[in-house]
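What the coordinates show
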Amino acid sequence: MTLSLDTIVSLAKRRGFIYPGSEIYGGLANSWDYGPLGVELKQNIKNAWWSRFVHRRTDVVGIDAALIMNPKVWEASGHVAGFSDPLVECKKCHSRLREDQMDGECPSCGGKEFTPAKQFNLMFQTFIGAAQEQANVAYFRPETAQGMFVNFKNVLDSTRVQLPFGVAQVGKAFRNEITPGNFIFRTREFEQMEIEYFIPSPKADAEWQESFEHWRKEMLAWMTAVGIDTEKVHELDVPDGERAHYSKRTIDFEFEFPFGTKELYGLAYRTDFDLRNHQEASGQSLEYTDPETGEKSIPHVIEPTWGVDRTVLAVLCSAYREDGERTYLALRPALAPFKAAVFPLLKNKPELVAKARTVFGALREKYMVAWDDRGNIGKRYFAQDEIGTPFCITVDFDTLENDTVTIRDRDTAEQRRVPISELDSIIANAIRL
Ligand code: GAP
């Protein structure tokens, strides 16, 4: 089956995962809003990430920094001078295009003549306070990473971390992309999950390479855990001259999206570039003192970075299935918006409805559970399949006799009878990541 992006976009809108942004005003190009199911899926992804990389590790702590930081941060980090893409304009239709993403022809009109390339800085500018003047210019952060670097000293001084350790953050980032598009793949406002993993200043390449390799494997394990089809993931060692200004080695994890194989995640060795520059620019020491030897040095950094929205898209593309007359999302149960749906077999039998309400109420205390009593059971199953609900639980006449229900598995469409008392453990086991 070849999956088209339109199939995902239309399912996402129809079922309340993702809507076009500001739609009643004709939309705002390339902006998207997460609906009731999308926000659950996205939140489940972020929670799974936080639990895996912060809660379950003893060497990573979290932070949540401000979106607008002191503009000096972006001077020291190199973003004011270097965070830009080469912009050209088509002489025929005046479309603005990224020179490095086209092959000599304007994708809008086929024109072949362009203005000379100009560097276009991708940071979103704003002004702090009432006066819109140069002295008040500030930027929305283009990556969450700098929050970790500028708080490095605070984290050292206020916690008991020792090298090697990581600082993690999940949050919004903003880039004034020249060519956004492909649904939520490239937008101007998006979310990142990033870790800056600080290691002792390496005496040999093998030292940073070991940590790099650890994170490479962790990133692959994450993809498997959240159900990204790893057969469609390819690692690209980004060659010299094409890496970000701060990186000595970068691997892009690319995914075969319906519109082509494109970057999903990145892993970079940022050396001591950021801490060293911030130390110089701020005048504050960002050195680490080895507790045993007393030796001072600036740590180096391995940075694994995950786009949240690209994760949502890769997870949806990996989970989409067509099977005869039904479509289903084989989402990992931990990520599914609803963990189960509860149905009374018949809507017009008060005793069935009352019993089903009791089962629903008890499960709802712990899990996101859907209720449906419309139409026939087959249609209810299909509706839940399409949004990836792993279990459908039906209360029927036998339930009134012996407190058992049928539970139907989304992927196999098979049903079995189980005691109501087992439902909690069935769901709890299934949603473990
Ligand atoms: N701190 C390093 C950094 O920001 P990046 O490769 O520029 O590196 C990291 O971005 C990740 O953020 C990407 O791998 C991608 O998943 C996501 N990302 C970057 N730009 C994006 C955009 N315009 N829209 C959606 N996601 C984006």
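Read on for a plain summary of the structure. If you're wondering where the values come from, they're calculated on a predicted model, not measured in any experiment.

What counts and how
- Residues numbered from 1 in each chain as written.
- Predicted model: local features only at pLDDT ≥ 70, side-chain atom pairs only at ≥ 80, totals over all residues.
- Heavy atoms only, no water.
- Helix = DSSP H or I, 4+ residues; strand = E, 2+ residues; numbered from the N terminus.
- Buried < 20%, exposed > 50% of the residue type's maximum accessible area, 1.4 Å probe, protein only.
- Contact = heavy atoms within 4.5 Å.
- Areas by Shrake-Rupley, 256 points an atom, 1.4 Å probe, with all protein chains shown as cover.
- Lys, Arg positive; Asp, Glu negative; His and termini not counted.
- Charge placed at Lys NZ, Arg CZ, Asp CG, Glu CD.
- Pairing = 2+ DSSP bridges.
- Axes fitted to C-alpha atoms, helices over the stretch in contact; angles between N-to-C directions.
- Expected span 1.5 Å × (residues − 1).
- Arc of directions from axis to C-beta.
- Core = buried A, V, L, I, M, F, W, Y, C linked by side-chain atoms within 4.5 Å.
- Near = heavy atom within 4 Å.
- Polar contact = N/O pair within 3.5 Å; in protein donor to acceptor, adjacent residues only side chain to side chain.
- Nonpolar A, V, L, I, M, F, W, Y, C, P; charged D, E, K, R; others polar.
- Patch = residues over 30% accessible without salt bridge, like charges linked within 9 Å, V, L, I, M, F, W, Y side chains within 5 Å.
- Salt bridge = Lys/Arg side-chain N within 4 Å of Asp/Glu carboxyl O.

1. Let's talk about the overall build of the protein chain
When you go through the protein chain residue by residue, the secondary structure sums to 13 helices and 23 strands. Projected onto the principal axes, the alpha-carbon positions of the protein chain cover approximately 75 × 65 × 45 Å. Taking all 433 residues of the protein chain together, 49% fall into the buried category. The contacts of the protein chain with a sequence gap of at least 6 include a subset with a gap of at least 24, amounting to 65%. Surface summary for the protein chain: the accessible area is close to 20800 Å², and the carbon and sulfur share equals 47%. On the protein chain, the mean spot of the 52 positive side-chain charges and the mean spot of the 64 negative ones are 4 Å from each other.

2. Focus: the sheet that holds strand β6 (residues 118-121)
Across the sheet, which stays open at both edges, the 3 strands sit in the order β5-β4-β6 with antiparallel pairing between neighbours. Of all the strands in the sheet, just β5 (96-98) and β6 have a single pairing partner and so form its edges. Taken over all neighbouring pairs, the strand axes of this sheet differ in orientation by 50° on average, direction set aside. Sheet topology places strand β4 (residues 84-89) next to β5; 3 bridges connect them, and they run antiparallel. Looking at β5, one finds that Val-88 is bridged to Leu-97.

3. Some thoughts on helix α10 (residues 350-364)
Here α10 is 15 residues long and its end C-alpha atoms lie 20 Å apart, about the 21 Å a rise of 1.5 Å per residue gives. Those residues of α10 that sit buried are Leu-352, Val-353, Ala-356, Val-359, Phe-360 and Leu-363. One side of α10 carries all its buried residues, which in axial view fall inside an arc of 125°. Among the exposed residues of α10, those oriented more than 90 degrees off its buried face are Pro-350, Thr-358 and Ala-362. Looking at the packing, one finds that the buried side of α10 touches β19 (340-344), β20 (369-371), β21 (391-395), α12 (397-402) and α13 (423-430).

4. Topic: the nonpolar core
The biggest cluster of nonpolar side chains holds 65 residues, and the ones touching the most others in it are Trp-222, Ile-228 and Trp-306. The element contributing the most residues to this core is helix α9 (residues 308-319), with 8 residues. In this structure Trp-306 touches Trp-49, Phe-53, Glu-191, Gln-192, Met-193, Ile-195, Trp-215, Met-219, Trp-222 and Tyr-265, once residues within four positions along its chain are discounted.

5. Points about the site of the ligand
In the region of the ligand, 20 residues are neighbours, and Glu-143, Arg-175, Glu-194, Glu-263 and Leu-264 sit closest. A distance of 2.8 Å is found between a nitrogen atom of the ligand and a backbone nitrogen or oxygen belonging to Thr-187. Contacts to the ligand include Glu-194, whose side-chain N or O atom sits 2.5 Å from a nitrogen atom. Relative to its unbound accessible area of 560 Å², the ligand is 91% covered by the protein chains. Those elements giving two or more residues to the shell around the ligand turn out to be β10 (189-199), β13 (260-271) and β16 (300-307). Considering each element in turn, the shell around the ligand owes the most residues, 5 residues, to β13. For the shell around the ligand, the per-class residue count stands at 6 nonpolar, 5 polar and 9 charged.

6. Overview of a nonpolar patch on the surface
The grouping of Leu-345, Leu-346, Phe-397 and Leu-400 at the surface amounts to a nonpolar patch, some 290 Å² of accessible area in total. Relative to the assigned elements, Phe-397 resides in helix α12.

Spatial relationships are all this shows, so hold off on functional conclusions.
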